[in-house]
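One-letter residues, chain by chain:
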Amino acid sequence: MLRYLMTVLALMLALFLSLQLQTELTITKQLALICGLEPLEFVEVDFVYAILPRLVIAILVGASLGLVGSLMQQLTQNPLLSPLTFGTSSGAWLALVLVAVFFPDLGIENSNIFALFGALLAMALVLLITGLNNLSGLPVILAGMAVNLLLGALATGVILLNDQYAKNLFIWGAGDLAQNGWDWVYWLMPRMLVGLIILAVAPRVLTLMRIGQQGASARGLNIMPTFLLLLLLGVWLISSAITAVGVIGFVGLLTPNIARFLGARTARDELCYSLLLGALFLVLTDSLAAWVSQFTLDFIPSGTAAAVIGAPALIWFSRSALKAEDQMVFRLPQGISRLKMRVFIAILASIVLSVTLSSVFVMQDSSWALAWPDAFSWSIRWPRILTSLAAGAGLAVAGTILQRLIHNPLASPDILGISAGAIFALVFASMFWGITIFEAGPLVAFVGAMGALVIILLLGKKHDYSPPKLILTGIALTALIEAFVQFALARGNDDVYGILAWLAGSSYRVSANQAVILAVSVMLLLLLAFSLSRWLTLISAGKEMAFSRGLNGSAAFVLLLCLVALLVAFVTANMGPVAFIGLLAPHMAAMLGAKSVKQQLLVSALLGGFLVQFSDWLGQVILYPAQLAAGILVSLIGGSYFIFLLIKGRLST
């Protein structure tokens, strides 16, 4: 009871401080306005119709996110599960984007229903990947990440293709409470009453589930229908909150962990503590965002403030939340035993065919033809061809080196957050230094990529670079970067769609000089990687083997990681982030028989170049005259492959 009282008092203190930070009115005047005094001056109107509903929304949304986070974690016995990592937030967001673009006349009421269906479909996809009996460890986190990337790529593609209808989505995507008035409070409150049903029904169910499925069944609990019903109620709360304020992550992840840290032991205690702590967390972070916004030229979205606090906390909790038994069983497809010449020739032929199509394929209205390009057309096409080939090859080799270095077949620049570091540096430079992303250059991207890499390795060294720790750190960094990117988009500058197009991974804006510089840089770095293949072979064989052969393992390790960061930096600075190539190409090379380091480096580079270049061409013609960025198509292909690997790993255990 004392802990409850202290938590309630902390929430009341947070509300009091929030009011003092956001208004100049005296406490007496605030109380009078709350009790019904008619506002007359502007500051009083602002208090009644802007500040107060924003606080109420923060309480409602924060409480619902905390409650649902605790519900999900207790149902699955997974302390790292939340709407953010379960994929439900991205599903609801994609559904709302589709409604806003294609069905704008449906209204808010129907938008909530669409968000519910989107969240349920995303959750169903995650459950299909992992199975209902495998929700307590890393697989569900990986599945949620893959679903987030897939649905995020789809949402980005829809926005880019319909930018004239999507201008109001950026603030929504950043997750902000400032856009809400009393109408939204009245809309949200009845939908939050579902939380009372969860508080009334869930504690007994969760208590029985703690003793195991057999014990719960013996006491009359029908596990599966109850499990799905409670998840449905939780998803309803999440979809309602996202419809009202947009995507705000980390609240549902952190508050149950904090509740357990503070001593919540029973199912009811954890639910109630998480509800109160969720309201407290969102009130504090939103107040911080509103206070900082007073000293800047731009407002700070609530979702960004929550991510700044939540991402480090996720890294902290992940260091103790997953144990050794949570390691994921993961096996690469065996494929061909050795690389055959006809396979190598087929890869080269595919590249030649793809480049030829990009050169001579012509779309005219609804028909197509093959024609040799004139000088003007060729001056536009060849930089895109060269850029996509170099970008794919560079990211593929970066992924191969990472997988070999840390003995982790799930390693790739995007999954571990290295690409996110480069994105953060470029977006940060664009926002605060007054230069565009296209002017920032590889040096800025290298600093960001190397910074993310150092953080990941420092945090992973203690656990010998185990896949769960590295991946969860990468997820946290990526979520933080996404919050900053949404902040940049929500500013509403003229460069918004340029930034979004760059984030989609497109060769559209690359000039001839940039293409040549990228190709030469990647080629030199690839030659360096081949020259260091012996180092990579020894390190991938084990530290003892490398030491016995006279190799300074630490120095070689650092140099190879710098090589990875450079490859990521050059590609990201010129073309933008391209997800999954660093994972997909090395796996395909191994399946085709490239077992040695040199073979895998060469084949993965060719495959990566082909995949990005073919996706770039396909994106130009598949929806002509509109264009899809290569990064979106690669994300769809690579994400589907990653999901296939996860399903295969589950079925093989």
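These notes cover the structure that comes with them. (Residues numbered from 1 in each chain as written. Predicted model: local features only at pLDDT ≥ 70, side-chain atom pairs only at ≥ 80, totals over all residues. Heavy atoms only, no water.)

What the rule picks out here adds up to six aromatic pairs. Ring geometry for Trp182 and Tyr186: centres 6.2 Å apart, planes at 25°, overall stacked. Of this pair, Trp182 and Tyr186 both sit in helix H8 (residues 182–192), four residues apart, which is roughly one turn of that helix. (Phe/Tyr/Trp six-rings, centres within 6.5 Å; stacked < 30°, edge-to-face > 60°. Helix = DSSP H or I, 4+ residues; strand = E, 2+ residues; numbered from the N terminus.)

On inspection of all chains with the given rule, the structure shows four salt bridges. The partner of Arg54 in a salt bridge is Asp286, and the shortest N-O contact between them spans 2.7 Å. Taken as a pair, Arg54 in helix H3 (residues 42–76) and Asp286 in helix H13 (residues 267–293) lie far apart in primary sequence, 232 residues in all. Residue Asp286 is classed as buried on the basis of its relative accessible area of 1%. (Salt bridge = Lys/Arg side-chain N within 4 Å of Asp/Glu carboxyl O. Buried < 20%, exposed > 50% of the residue type's maximum accessible area, 1.4 Å probe, protein only.)

Let us now look at the packing of helix H21 (residues 512–531) against helix H26 (residues 597–621). One can describe the packing of H21 onto H26 by two numbers: an axis separation of 9 Å at closest approach and a directional angle of 160°. When the axis of H21 is compared with that of H26, the two are roughly antiparallel. Seen along the crossing, H21 lies across H26 with a hand that is right-handed. In contact with Leu526, Ala529 and Phe530 of H21, H26 contributes Lys598, Leu601, Leu602 and Ala605. Residue composition of the contact of H21 with H26, by class: six nonpolar, no polar and one charged. (Axes fitted to C-alpha atoms, helices over the stretch in contact; angles between N-to-C directions. Parallel < 35°, antiparallel > 145°, perpendicular 65-115°, else oblique. Left-handed = near helix turned anticlockwise from the far one by under 90°. Contact = heavy atoms within 4.5 Å. Nonpolar A, V, L, I, M, F, W, Y, C, P; charged D, E, K, R; others polar.)

Another point: a nonpolar patch on the surface. Together, Leu13, Phe16, Leu17, Ile27, Leu31 and Ile34 make up an exposed nonpolar region whose accessible area comes to about 540 Å². Those elements that place two or more of their residues in the nonpolar patch are helix H1 (2–22) and helix H2 (27–34). Note on placement: Phe16 falls in helix H1. On the accessibility criterion, Phe16 (35% relative accessible area) is partly exposed. (Patch = residues over 30% accessible without salt bridge, like charges linked within 9 Å, V, L, I, M, F, W, Y side chains within 5 Å. Areas by Shrake-Rupley, 256 points an atom, 1.4 Å probe, with all protein chains shown as cover.)

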